[in-house]
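# Remarks on the overall topology
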Amino acid sequence: MGITRLGRNVGWTAVSAASDLMLSAAIGIACARFMGNAAYGNLSGAIAISGVFARLITGGLGPPTIREIGRASSAEEKAGWEAAATRRITKNTILWVPIALACAAALPPEIGWPLALCAPALAASRAEARSWRLQADLNKRGEIVPDRAGQLANGLSRIALIAGNAPGWMFAAGISTGAWVRAALLARTRSGPKGETTEEKNGTLAKDSRRLLGATLAKYGLSAAPLLILTALSAEAAGDFWAATRIAGVAALPTALYFPSANAEMLSGKRHGTHLKRALAASCLAGAAMVALGPWIMALLYGPAFANAGNCASLLGLGIMAAGPAALSESALIADGRETCVTRISWLTGCAGAAIAATLWAAHPENPALAGAAAIACPQILGALTYAGMRKQGKKERI
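Conventions adopted
- Residues numbered from 1 in each chain as written.
- Predicted model: local features only at pLDDT ≥ 70, side-chain atom pairs only at ≥ 80, totals over all residues.
- Heavy atoms only, no water.
- Helix = DSSP H or I, 4+ residues; strand = E, 2+ residues; numbered from the N terminus.
- Buried < 20%, exposed > 50% of the residue type's maximum accessible area, 1.4 Å probe, protein only.
- Contact = heavy atoms within 4.5 Å.
- Areas by Shrake-Rupley, 256 points an atom, 1.4 Å probe, with all protein chains shown as cover.
- Expected span 1.5 Å × (residues − 1).
- Phe/Tyr/Trp six-rings, centres within 6.5 Å; stacked < 30°, edge-to-face > 60°.
- Lys NZ or Arg CZ within 6 Å of the ring centre and 35° of its normal.
- Axes fitted to C-alpha atoms, helices over the stretch in contact; angles between N-to-C directions.
- Left-handed = near helix turned anticlockwise from the far one by under 90°.
- Salt bridge = Lys/Arg side-chain N within 4 Å of Asp/Glu carboxyl O.
- Polar contact = N/O pair within 3.5 Å; in protein donor to acceptor, adjacent residues only side chain to side chain.
- Core = buried A, V, L, I, M, F, W, Y, C linked by side-chain atoms within 4.5 Å.
- Parallel < 35°, antiparallel > 145°, perpendicular 65-115°, else oblique.
- Nonpolar A, V, L, I, M, F, W, Y, C, P; charged D, E, K, R; others polar.

With that settled, consider the overall build of the chain. Counting its secondary structure elements, the chain contains 15 helices and zero strands. A buried classification covers 47% of the 399 residues belonging to the chain. For the chain, long-range pairs separated by at least 24 residues make up 83% of all intrachain contacts whose partners lie at least 6 apart in sequence. For the chain, the exposed area adds up to about 18,400 Å²; of that, 65% sits on carbon and sulfur atoms.

What follows is the structure, encoded as structure tokens:
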């Protein structure tokens, strides 16, 4: 990749990450203040459940699709892989959306109605294949503009509902509105030859996505579990944890500048480059700054009421340091065709992290938020160490 194109991609990623943080914060604060704790909690629960179905629909297809498109030598072949991914997502949508609606009917209305309103967003998942094509082609503008436009449509829809004094469960409609705006804009980026899928492409994606589905569900489930548990246990602990994770997300912004381009190269089999080195450096520097300055930042921004959040922020900083190397090493294993290994490592590190968090909770029951931070950071740290060992072993086997 030329330095000019790299600069453009970094610029678009920076704008995307910054706008994402600002829009998410503004939308979340407005909704929480209008809805109140209980209604906002029910909406969050419905969105979390919808997230499980979204991952079942995309089914671990992203990394192998990006890998194969990145390796393709012609526009026709790239379009063929995109068509194969779209076909696979369509089949999964037909299977899982009715199940999601059935779950919505079985749940209490305060959670079931928001989940039902999220179903149209699940049906828009077919657009993900186009997003993966743009990622593989390192077309950051084409990828980011629909994402932010969909997020803005989501926010404007919720603001309109607030202005209309609508009931809280209707706010989930904003998610579906944003999803379809994004899908429409992604469809407008299509150009070049129309892709034709083959049984070989379908078989490759089906096999590799099945290997990665377990890892995808493990990461989502094990990261969402501490949030739900903390919310049920203590509103104060949940507040400390949410405050720390929000600041940790801001601290991870430098990593987001270079990670998407570095990840696409790793999946394509390219193990070097300026953006890869910068992604690793940004991850380590941002995490180290969070470890050292986390307590001070939390005291400065949130005040003494969030004193326990300082240690959570420092612990999450350790996770930020490890998250970049872990994610890129995971992409390298996927590029080598070792998807089963990725799934096993995700489950093992996730369960080990949960065990460490439970031990920390038992040792310090007065600060359960710290255990929640450990449940997020420990799998990232263990994953980085394990992936590094697996890559080293793979090199020795090839020699």
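This next bit is on helix α8 (residues 173-188). With 16 residues, α8 extends 23 Å between its outermost C-alpha atoms, agreeing within 8% with the 22 Å of an ideal straight helix rising 1.5 Å per residue. Of the positions making up α8, those classed as buried are G174, S176, G178, A179, R182, A183 and L186.

The description of two aromatic rings rests on the distance between their centres and on the angle between their planes. All told, the structure shown has one aromatic pair when counted by the stated rule. Geometrically, the ring pair formed by F53 and W96 is tilted, given 6.3 Å between the ring centres and 55° between the ring planes. Of this pair, F53 sits in helix α2 (residues 37-58) while W96 sits in helix α4 (residues 75-106), and the two are 43 residues apart along the sequence. Given the relative accessible area of 23%, W96 is considered partly exposed. Geometry around W81 places K201 over its ring, the cationic atom sitting 5.4 Å from the centre.

Time to look at the packing of α4 against helix α6 (residues 128-136). Across the interface, α4 lies against α6 with an axial gap of 8 Å and an inter-helix angle of 145°. Along this stretch, α4 crosses α6, giving a crossing that reads as right-handed. Between α4 and α6, the contacting residues are A75, K78, A79, E82, A85, T86 and I89 on the first element and E128, A129, R130, W132 and R133 on the second.

Inspection of the entire model under this criterion finds five salt bridges. In this structure, E128 and R182 form a salt bridge, with 2.8 Å as the shortest nitrogen-oxygen distance. With E128 in helix α6 and R182 in helix α8, this residue pair connects regions lying 54 residues apart in the sequence. Within the structure, one salt-bridge network assembled from shared partners comprises E82, R130 and R133.

Moving on to the side chain of T86. Relative to the assigned elements, T86 resides in helix α4. Residue classification places T86 among the buried positions, given a relative accessible area of 11%. Within the local environment of T86, its side chain forms a polar contact with the backbone oxygen of E82, the two atoms lying 2.9 Å apart.

A few words on the nonpolar core. Grouped together as the largest cluster of nonpolar side chains are 23 residues, with contacts concentrated most on A244, M290, C312, L315, I320 and A373. Counting residues per element, the ones that place at least two in this core are α10 (235-251), α12 (274-302), α13 (309-335) and α15 (368-398). The element contributing the most residues to this core is α15, with seven residues. Sequence-distant contacts of A373, defined by excluding residues within four places in its chain, comprise F241, C312, L315 and L316. In terms of nonpolar packing, the next biggest core, distinct from the first, is built from 19 residues, I66, I69, A84 and L122 among them.

Let us look at the environment of V181. Among the secondary structure elements, V181 is positioned in helix α8. When its relative accessible area of 29% is taken as the criterion, V181 is described as partly exposed. Along the chain, V181 and D147 lie 34 residues apart, while their C-alpha atoms are 8.9 Å from each other.

Time to look at the environment of I320. Turning to its location among the elements, I320 is positioned in helix α13. Using a relative accessible area of 9% as the deciding quantity, one classes I320 as buried. C-alpha separation for the pair I320 and A286, spaced 34 residues apart in sequence, amounts to 7.2 Å. Not counting chain neighbours up to four residues away, the residues in contact with I320 comprise A248, A251, A252, S283, A286, G287, M290 and Q380.

On to the packing of helix α5 (residues 109-123) against α8, then. α8 packs onto α5 with a crossing angle of 10° between their chain directions and a minimal axis gap of 7 Å. Put simply, α5 runs roughly parallel to α8. The chirality of how α5 crosses α8 is left-handed. Taking contact as the criterion, the partners of L117, C118, P120, A121 and A123 in α5 are, on α8, A173, I175, S176, A179 and W180. Residues that form the contact of α5 with α8 fall into these classes: nine nonpolar, one polar and no charged.

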